[in-house]
Amino acid sequence: MTYEDAAQQLRAEEQEHLLRFWKTLAEEQRRRLLEQIALLDFAAIRRMRALLEQRAAGVRHGDAVPADVVEMLPQERAAATARGEQELRAGKVGVLLVAGGQGSRLGFEGPKGAFPIGPVSNAVLFHFHARKVLALGRAYGARLPFYIMTSDSNDAATRACFAEHGFFGLDAGDVCFFQQGMWPALDPRGRVIMDAPDHVFMSPDGHGGLLSALASSGELADMERRGLSTIFYQQVDNPLVEVADPAFVGLHLLRGADLSIKVCAKRDPQEGLGVVVKRDGRYGMVEYTELTDEQKQRRRDDGELYFRYGSVAIHLFALPFLRREAETELPLHMAHKKIPVCDDHGHTTTPKAPNGYKFEKFIFDVLPHADTLINLVFDRHDEFSPVKNATGPDSPATCKRDLIAKWARWLTEAGVEVPRGADGHPLMPVEIDPAFAHSPASLRARLARMSPPDLSGPLWLRDP
Ligand code: UTP
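Residues numbered from 1 in each chain as written. Predicted model: local features only at pLDDT ≥ 70, side-chain atom pairs only at ≥ 80, totals over all residues. Heavy atoms only, no water.

S.K.: Explanation requested: the pattern of salt bridges in the structure shown.
M.R.: Per the counting criterion, the structure on display carries 35 salt bridges. Among the ionic pairs, Asp463 bridges to Arg138, the shortest N-O distance being 2.9 Å. Pair noted here: Asp463 is in the segment after strand 20 (459-461) and Arg138 is in helix 5 (residues 125-140), with a separation of 325 residues, a long-range link. The buried category is assigned to Asp463, whose relative accessible area is 14%. Between Asp382 and Arg409 there is a salt bridge whose closest N-O contact spans 3.0 Å. Of this pair, Asp382 sits in helix 12 (residues 380-383) while Arg409 sits in helix 13 (residues 396-413); the two residues are 27 residues apart in sequence, bridging distant segments of the chain. Classification of Asp382 as partly exposed rests on a relative accessible area of 30%. Given the relative accessible area of 32%, Arg409 is considered partly exposed. Because the salt bridges share partners, they merge into one network encompassing Arg143, Asp174, Asp222, Arg225 and Arg226. (Salt bridge = Lys/Arg side-chain N within 4 Å of Asp/Glu carboxyl O. Helix = DSSP H or I, 4+ residues; strand = E, 2+ residues; numbered from the N terminus. Buried < 20%, exposed > 50% of the residue type's maximum accessible area, 1.4 Å probe, protein only.)

This is the structure:
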């Protein structure tokens, strides 16, 4: 792109200010800036400006009622597990991890997936996701491709983390990294914000950016080429997740769902989980922030919360549904944020109060397009304890505690007595490498072939 091309386009888009420092820039800076302008998605920017003018997302019509949920009984679970295992054995299940976020609440330098969480090993978050994929591949004698969405800000560091750890034992050819899109932010007048004289501020386009990124990177085509039927979706911050749980996969297939979602009872009415609803005959996700206090507190006759179940972003997608959605435009969501900005003298400052708007796409905006959607109830103690904040709830401390409690339950189930304190929590940290055992049954089988584990100190059962 030449200066003239850029100037013409920016004039047409009312964004000429991006070139206002041109005369002061060195050759290399000019080249970088033109490169960045060439990559700006002006169609998206026009949508952002329209949203900004409305100052609110489109009004939703109709009353939202909680969507039906499935609580599997043992017989249905057994049938679903058998069906899921059949699909895993046939190599038709792929695993997807969205890891392009910025993890600003945690405040960790580097990709969130490189955050150490193993209570004994200090293994990083990526370790737990990758080793579960490895364990499933071994258990079902199949290749499970592992797709990892990164963003411009953490792609190189994510790849380096996998390389440094020998891909956590996975075949590098089955680990597919792809980058989501990056979007500019707008000031209240709809002007793209620059954070340096030669640079436009950019941030990831949200987990909903997954769909366009899958298509543009060629990974969607890769999934089709591999003959996959089902894609398991998870977030990087929850190491308790049961990756491609066969019962979940099987239920999804037996019911012919476009999309399946694991939901759990909310910890309390204020917990920040979205709820799956039906509105005007279609499914939808109502975000925590969209519920009034009265709606959050509302109770059913049996005393349970009316909006009882929350989604924790554990999903299954039928591949044809993903393809269809990749060709559909998702709505934009806008957030008022503090954005570093370059003043007219070329100095960058980060304001103390929000000064601009970031825009994102959310993956759950596909819900209204799903004809068949399953909400499977799961026990949160077994599968959900995210690392969101540096301290307090949903922090590394609570996540480690919940990991230890889960593995201790597996050990107890396998007949190993774990010393516990008065509160029932294990007295020492325990950790099970998912490649050592990825379920209570595989743990029992593994332990049966070795001498009893030593529980006089921290216990780390790992695959050699
Ligand atoms: P969160 O909503 O928790 O955002 O992401 P975050 O960026 O990780 O953390 P905060 O809000 O800045 O503290 C949920 C999941 O979605 C992924 C994250 O990597 C995480 O796995 N995500 C989020 C993306 O992949 N891309 C995005 O643009 C946003």
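S.K.: What exactly am I supposed to notice about the site of the ligand here?
M.R.: Within the structure, the ligand sits among 18 residues, and Val98, Gln102, Ser104, Gln180 and Lys388 are positioned closest to it. Contact distances for the ligand include 2.8 Å between an oxygen atom and a backbone N or O atom of Gly100. Between Ser104 and the ligand, the recorded distance is 2.5 Å, taken from a side-chain N or O atom to an oxygen atom. Contact with the protein chains removes 86% of the 560 Å² of surface that the ligand exposes when unbound. Tallied by class, the residues present in the shell around the ligand amount to five nonpolar, nine polar and four charged. (Near = heavy atom within 4 Å. Polar contact = N/O pair within 3.5 Å; in protein donor to acceptor, adjacent residues only side chain to side chain. Areas by Shrake-Rupley, 256 points an atom, 1.4 Å probe, with all protein chains shown as cover. Nonpolar A, V, L, I, M, F, W, Y, C, P; charged D, E, K, R; others polar.)

S.K.: Can you walk me through the side chain of Asp245 in this structure?
M.R.: Within the fold, Asp245 resides in the loop between strand 9 (230-235) and helix 9 (246-254). The exposure class assigned to Asp245 is buried, which follows from its relative accessible area of 13%. Reaching out from Asp245, the side chain makes a polar contact with the backbone nitrogen of Ala247 at a distance of 3.0 Å.

S.K.: I would appreciate a short explanation of the packing of aromatic side chains in the present structure.
M.R.: Summed over the entire model, instances satisfying the criterion amount to 13 aromatic pairs. With a centroid separation of 5.0 Å and 55° between ring planes, the pair formed by Phe126 and Phe162 is classed as tilted. One end of the pair, Phe126, is in helix 5; the other, Phe162, is in helix 6 (residues 155-164), and 36 residues separate them in sequence. As far as burial versus exposure is concerned, Phe126 and Phe162 are alike and both buried. Look at Phe362 and Phe364: their rings are 5.3 Å apart centre to centre, the planes differ by 45°, and that puts the pair in the tilted class. As far as the burial class goes, Phe362 and Phe364 line up, both buried. Over the ring of Tyr288 we find Lys296; its NZ or CZ atom is 3.9 Å from the centre of that ring. Taking NZ or CZ as reference, Arg298 lies 3.6 Å from the ring centre of Tyr306, over its face. (Phe/Tyr/Trp six-rings, centres within 6.5 Å; stacked < 30°, edge-to-face > 60°. Lys NZ or Arg CZ within 6 Å of the ring centre and 35° of its normal.)

S.K.: For this particular structure, what's the right way to read the environment of Pro239?
M.R.: Tracing the backbone shows Pro239 in the loop between strand 9 and helix 9. Measuring from C-alpha to C-alpha, the distance between Pro239 and Leu40 comes to 35 Å, with 199 residues separating the pair along the chain. Discounting residues that sit within four places of it in the chain, Pro239 has contacts with Ile117, Leu125, Phe128, Lys132, Ser385, Cys399 and Leu403. (Contact = heavy atoms within 4.5 Å.)

S.K.: Would you take a moment to explain the layout of surface pockets for this structure?
M.R.: Rolled over the atoms, a probe as big as a water molecule pinpoints where empty space is left. Looking at the second largest pocket, its volume works out to about 720 Å³. Surrounding the second largest pocket, 34 residues form its lining, Glu242, Asp245, His438, Ser439 and Pro440 being those nearest its centre. Contributing elements (two or more residues each) for the lining of the second largest pocket: helix 4 (74-89), helix 5, helix 9, strand 18 (373-377), helix 12, helix 13 and helix 14 (440-448). By residue number, the principal contributor to the lining of the second largest pocket is helix 13, which donates six residues. When the residues that make up the lining of the second largest pocket are grouped by side-chain class, the tally is 19 nonpolar, three polar and 12 charged. (1 Å grid on protein atoms, 1.4 Å probe; cavity = no way out; pocket = protein on both sides within 12 Å on 5 of 7 lines; lining within 4 Å. Points joined across faces, edges and corners; volume = space filled by probe spheres on them.)

S.K.: How should I be thinking about the sheet that holds strand 1 (residues 65-66) in this particular structure?
M.R.: Strand pairing in a sheet takes place through backbone hydrogen bonds and is either antiparallel or parallel in direction. A sheet is described by the order of its strands in space; here three strands give the open sequence 1-11-12, paired in antiparallel fashion. Of all strands in the sheet, those with a lone pairing partner are strand 1 and strand 12 (282-286), marking the two edges. (Pairing = 2+ DSSP bridges.)

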